[in-house]
Amino acid sequence: MTGGIPAAPLTGEELTALVDGLAGLPYGGEAVDQRTHALQTAWLARDAGADDELVVAAALHDIGRARPVRAEHPGLPHEVAGAEFARRRVSERAAWVIAQHVPAKRYLVATDPAYHALLSPASIASLKVQGGPMDEHEATEFAAHPLSADAVALRRWDDAAKDPDGPRLTMPELLAAHARCVEARRT
């Protein structure tokens, strides 16, 4: 379904196919592919004590680059396509955080003097395309949203998830977190 109408929750099989479909997809000149990046971001989220919904969102934050999601939402930036997908198949919170992981980079560059030095060359290049640092009004508006801290946390995990030898959440662990989210959504 389209137009923001909720669809059936993402199944474990669909989640597995989406994540496995990221294997081998380049990640903007980084040393990891999209699958490794997704599972490493999710691991970092879980390691930081994030709840299941945020762990799943972390795994899916770049899902707008997956072939099936791109086909469903052609021409949209990956964070918008991913958010549209998550809104219908995961949750509104996951959708917002996914949509805001790019603006969160812009926010952090504008508000945290040490943050820019942490960015990889590929992330610095994409920052220019994404609009550069937020201005004061944009930063104030972003920070006022009740989920902005989640988006900032996701952004930091995203930035750190570029180590080909780094830890990754296993698919069984991701599927278990997802199953708990689906169950919580039903109740």
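Keep in mind it's a predicted model, so treat the numbers as computed, not measured.

A. Highlighting the overall build of the protein. Regarding its fold elements, the protein presents 10 helices and 0 strands. Scanning the protein from its N terminus toward the C terminus, one meets helices and strands in the order α-α-α-α-α-α-α-α-α-α. Relative to a compact globule of 187 residues, whose C-alpha radius of gyration would be 16 Å, the protein shows 15 Å and is just as compact. Projected onto its principal axes, the C-alpha positions of the protein cover 40 × 35 × 35 Å. Counting the 187 residues in the protein, one finds 49% classified as buried.

B. Examining the nonpolar core more closely. Judged by nonpolar contacts, the single largest core of 54 residues is most densely connected at Leu60, Ile63, Phe142, Trp157 and Leu174. Elements that contribute at least two residues to this core include exactly α1 (12–20), α2 (34–47), α3 (52–60), α5 (78–89), α6 (92–111), α8 (136–144), α9 (148–160) and α10 (171–186). Ranked by residue count, the leading element in this core is α6, at 10 residues. Filtering out sequence-adjacent residues up to four positions away, Ile63 remains in contact with Leu18, Leu22, Val69, Gly82 and Phe85.

C. Quick look at the environment of Ala83. Within the secondary structure, Ala83 sits in helix α5. A relative accessible area of 2% places Ala83 in the buried class. Spatially, the C-alpha atom of Ala83 lies 25 Å from that of Ala31, the residues being 52 residues apart in sequence. What Ala83 contacts, discounting residues up to four positions off in sequence, is Ala95, Ile98 and Ala99.

D. Representation of the layout of surface pockets in the model. Empty space within the largest pocket amounts to approximately 230 Å³. Taken together, 17 residues form the lining of the largest pocket, with Tyr27, Arg65, Lys105, Ser126 and Gln130 sitting closest to its centre. Of all the elements in the fold, those that place two or more residues in the lining of the largest pocket are α6, α7 (121–129) and α9. Split by residue class, the lining of the largest pocket holds 3 nonpolar, 7 polar and 7 charged.

E. Examining the packing of α3 against α6 more closely. Contact pair α3 / α6: the axes reach a minimum separation of 9 Å and the direction vectors enclose 45°. With respect to each other, α3 and α6 are oriented oblique. Here α3 and α6 pass one another in a crossing that is right-handed. Touching Glu53, Leu54, Ala57 and Leu60 of α3 are Arg93, Ala94, Val97 and Ile98, all from α6.

F. Layout of the UniProt feature "domain: HD" (unreviewed entry) in the protein. The UniProt entry lists residues 36–103 under the feature "domain: HD" (unreviewed entry), expressed in the numbering used here. Each end of residues 36–103 is marked by a C-alpha atom, and these two atoms are 23 Å apart; helix forms 75% of the span and strand 0%.

G. How the structure looks around the pattern of salt bridges. One pass over the full model with this rule turns up 16 salt bridges. A salt bridge links Glu173 to Arg46; the shortest N-O distance between them is 2.9 Å. In this pair, Glu173 sits in helix α10 while Arg46 sits in helix α2, placing the two residues 127 residues apart along the sequence. Residue classification places Arg46 among the partly exposed positions, given a relative accessible area of 35%.

H. Highlighting the packing of aromatic side chains. Within the structure shown, the criterion is met by 2 aromatic pairs. An angle of 25° between the planes, with centres 6.2 Å apart, marks the rings of Trp96 and Phe142 as stacked. Highlighted residues: Trp96 in helix α6 and Phe142 in helix α8, separated in sequence by 46 residues. Between Tyr107 and Phe142, the ring centres sit 4.8 Å apart and the planes meet at 35°, which makes this aromatic pair tilted. In this pair, Tyr107 is assigned in helix α6 and Phe142 in helix α8, connecting sequence segments 35 residues apart. Phe142 shares its class with Tyr107; the two are buried. Site record: aromatic cluster; members linked through ring pairs are Trp96, Tyr107 and Phe142.

Criteria and cut-off values
Numbering of residues starts from 1 in every chain and runs along the sequence as written. In keeping with the predicted nature of the model, local features appear solely for residues at pLDDT of at least 70, side-chain atom pairs appear and are counted solely at 80 or more, and the whole-chain, interface and lining totals rest on all residues. Side-chain measures here rest on the full set of heavy atoms in the structure, leaving out hydrogens and waters. Secondary structure counts use DSSP, requiring at least four H or I residues in a row for a helix and at least two E residues in a row for a strand, with both numbered from the N terminus. Computation of the radius of gyration draws on C-alpha atoms, with the globule rule given as 2.2 Å multiplied by the number of residues to the power 0.38. For every residue, the accessible area (1.4 Å probe, protein chains only) is compared with the maximum for its type, and the residue is labelled buried under 20%, exposed over 50%, or partly exposed between those bounds. Among buried residues, those of type Ala, Val, Leu, Ile, Met, Phe, Trp, Tyr and Cys that are joined through side-chain atoms within 4.5 Å constitute a nonpolar core. The contact criterion used is simple: two residues touch if any of their non-hydrogen atoms lie within 4.5 Å. Computed over the protein atoms alone on a 1 Å grid, cavities are sets of points where a 1.4 Å probe fits but cannot get out and pockets are open sets with protein on both sides within 12 Å along at least five of seven lines; a residue lines them when it has an atom within 4 Å of a point. Grid points are joined across faces, edges and corners, and a volume is the space filled by probe spheres set on the points. Residues are grouped as follows: nonpolar covers Ala, Val, Leu, Ile, Met, Phe, Trp, Tyr, Cys and Pro; charged covers Asp, Glu, Lys and Arg; every other residue, Gly included, is treated as polar. For helices, the fitted line uses only the C-alpha atoms of the stretch in contact; every axis is such a line through C-alpha atoms, and the angle between N-to-C directions lies from 0 to 180 degrees. Should an angle fall under 35 degrees it is taken as roughly parallel, and over 145 as roughly antiparallel, whereas 65 to 115 is taken as roughly perpendicular and any remaining angle as oblique. Here a crossing is taken to be left-handed if its near helix is turned anticlockwise relative to the far helix by less than a right angle, and right-handed if that turn runs clockwise. UniProt positions are given in the numbering used here, feature names are shortened, and annotations may be inferred rather than shown by experiment. Salt bridge, as applied in this entry: a Lys or Arg side-chain nitrogen positioned within 4 Å of an Asp or Glu carboxyl oxygen. Planes of paired rings set the category: under 30 degrees apart is stacked, over 60 is edge-to-face and the rest tilted, where pairs are Phe, Tyr or Trp rings (Trp by its six-membered ring) whose centres lie within 6.5 Å.

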